[in-house]
Amino acid sequence: MLKILILDLEGDTMALVPIRSWQFHKLNISYISRTLNLTKNYNVNTVVYSHGIISKVSQLYEGTDRGEKLMELTRRAHDLNLRVWIWIHELESDVPSQFLESGVVNMDLPDFWNWLSSKYERLFNDYPEFDGIVMTLSETEYKIFGKNVYSELSMPDRFAKIINTIDDVCRKNNKDFIVRSFLYEPQEMRWFSEGLKNVNPHVMLMSKCVPHDWQPFYPHNPLIGRFPDRKMIVEFDCSSEFTGKNRIPYTSPEYFEYRWRYALSQPGVAGYNARIDHGGYDVIYTPNEINIYALYRLTEDPSITAEDIWDEWTKKRYGEKAAKYVKQALQPSFKVVNNSFFALGFWITNHSKLPSFKYADSHISSRSIAKWKPDEPKYRDLERKLKHPDAELLEVILAEKDEAIATADEMLFHLSQAKPYLKEEQYEDLYWRLNLLRRVAVIWKLHAEAFFGYKVLAEGQRVPGLESRVRRAIRGLRLQAKVSRMEGIKDPPGTAEEIESVAYELECMINNLSG
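Counting of residues starts from 1 at the beginning of each chain's written sequence and follows it residue by residue. In view of the model being predicted, local features appear only for residues whose pLDDT reaches at least 70, and side-chain atom pairs are presented and counted only at 80 or more, with totals across whole chains, interfaces and linings using the full set of residues. Derived side-chain values reflect all non-hydrogen atoms in the structure, with water molecules and hydrogen atoms excluded from consideration.

**What to know about the sheet that holds strand 1 (residues 19–24)**
Phase 1: Pairing between strands requires that DSSP locate at least two bridges from one strand to the other. Secondary structure elements follow DSSP: runs of H or I no shorter than four residues count as helices, runs of E no shorter than two count as strands, and numbering proceeds from the N terminus. Within the closed barrel, the 8 strands sit side by side as 1-2-3-6-8-9-10-11. Their pairing is parallel. With direction set aside, neighbouring strand axes in the sheet form an average angle of 25 degrees.
Phase 2: The contact definition used throughout considers only heavy atoms, calling two residues in contact when any of these lie within 4.5 Å. Lines fitted to C-alpha atoms define the axes here, with helix axes fitted over just the stretch in contact, and angles between the N-to-C directions of these axes take values from 0 to 180 degrees. Along the sheet face, helix 2 (residues 29–36) touches strand 1 and strand 2 (46–49) and points at about 160 degrees away from the line of strand 1.

Structural data, given as structure tokens:
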């Protein structure tokens, strides 16, 4: 695909990537309406309504005004020549009691599949304006591959059966049908892949650029390119769900270039879907808007580089004179955030919040890089070391955090160089975000010292002065909580509540350990 795009630079490269979508999460009509008007600037032709807007068909039948509001948003999108897809999950909470046996769904009971078909016949009869549906088969009440669903069908056949059943209704009603490959475990992805061999080719796929969830250190999603005869849409997170929620810079054209160029080189890839506002944390009007600009430009002109994108965007956004310094102030944010929120590349942070001990400790293994790189034993070795750290590893982790703090300081310096050339409101916005990023780097270092320091002590290792260091780090967290309260930080990362909660938990644990 990439070779074709490069050869076609004189023609319409967008035509070779026919699906270019933005995904909205929060049901805010005024915000979405305003943002829909910007889609033309990015050559977007499809919008997806999900999460807090809709995630289940049953939500349209709860007696609220959700359906009415969705129709308003759909009409506004159609007025702009945008297709509209809605998110749905299966199996969800509306499974009739006649198909439940002691809380377990029996898909083999008579009429189960007829019931499922009729559900979607009703949906398209009542809401014919929707152009299609995007289905997720994980994170739902009854996972078809989970313990609370029974069938004599094999796991791959379960995937095929539910997809084909709903697709029959979609094709009958001339609706797009997209199935997401969002699954937690490699085995689940293998079942899914095997099942797709028996799925009607009308069904499109949507896969994140990485397996499972938004972890920048994961490899490329292994499903990308695996189905050359089926259209695939690649998901990107521009809402910074796990990397600061667009409140701190995570400006990363280089990362988007890396992921999107790979996807475009794979057969079957027909488009991208960019998440815009997960939880209402909007990428538009923030420095992170460069990420959706990167997707737009890389799709429009495959010969462009991340450096070109930086130069274009900073000049357009902040002016010719400020551009150089703004670029220097923002470009390192990808590394600073990653060095802060992750521990040597491993998942620690909870959706941009300081994590509880249980969350951080369990996710070292449950979200391990080793799961997705089984042929590289160094990751399993590092996972074991992070689960059972020693004093030497602790210092390596803290050095990573020190680098993040120092780089954040450099970013603030470059911003000061840009100040004479920026409008006052531009400077204030950038300073607020970069100052918060610097505080995040400090807070997460304090947490790393307390969390991993405690784990070293819990392993029974005697390290002179380490308990005092852990307690000092906990006190430091409490001081940072006071600053967050004083500054009025009400949303993650770095709220007083999340910091105080973690500090209290760690203090109790170190007290119990020391007796």
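The discussion continues.
**Here we look at the pairing of strand 6 (residues 132–136)**
Phase 1: Buried, partly exposed and exposed residues are distinguished by accessible area as a fraction of the type maximum, computed with a 1.4 Å probe on protein chains only: under 20%, between the cut-offs, and over 50%, respectively. Of all 5 residues in strand 6, 5 are buried, a share of seventy percent or more.
Phase 2: Of the two faces of strand 6, the one carrying Gly 132, Val 134 and Thr 136 and the one carrying Ile 133 and Met 135 are both buried.
Phase 3: In terms of strand pairing, strand 3 (residues 83–89) meets strand 6 through 5 bridges, oriented parallel. Of the residues in strand 6, the one forming a bridge with His 89 is Thr 136.
Phase 4: Bridging between strand 6 and strand 8 (residues 176–180) involves 4 bridges; their strand directions are parallel. Counterpart to Val 134 in the pairing with strand 8 is Ile 178.

**Section: the packing of aromatic side chains**
Geometrically, a pair of aromatic rings is defined through the distance of the ring centres and the angle of the planes.
Phase 1: Note on aromatic pairs: the rings of Phe, Tyr and Trp (six-membered ring only in Trp) are paired at centre separations within 6.5 Å, and the planes decide the class, stacked below 30 degrees, edge-to-face beyond 60, tilted for the rest. Under the definition given, this model contains 30 aromatic pairs.
Phase 2: Here the aromatic rings of Phe 145 and Phe 159 are separated by 5.7 Å at their centres, their planes lie at 20 degrees, and the arrangement is stacked. A residue pair is termed long-range when its members are at least 10 positions apart, and Phe 145 in the loop between strand 6 and strand 7 (149–150) and Phe 159 in helix 5 (residues 155–172) qualify at 14 residues.
Phase 3: For Phe 145, a relative accessible area of 9% gives the class buried.
Phase 4: Using a relative accessible area of 1% as the deciding quantity, one classes Phe 159 as buried.
Phase 5: Among the aromatic residues, those joined into a ring-pair cluster are Phe 236, Tyr 250, Tyr 255, Phe 256, Trp 260, Tyr 272 and Phe 334.
Phase 6: Here, a charge over a ring means that NZ of Lys or CZ of Arg falls within 6 Å of the ring centre while also lying within 35 degrees of the ring normal. Taking NZ or CZ as reference, Arg 122 lies 3.6 Å from the ring centre of Tyr 61, over its face.

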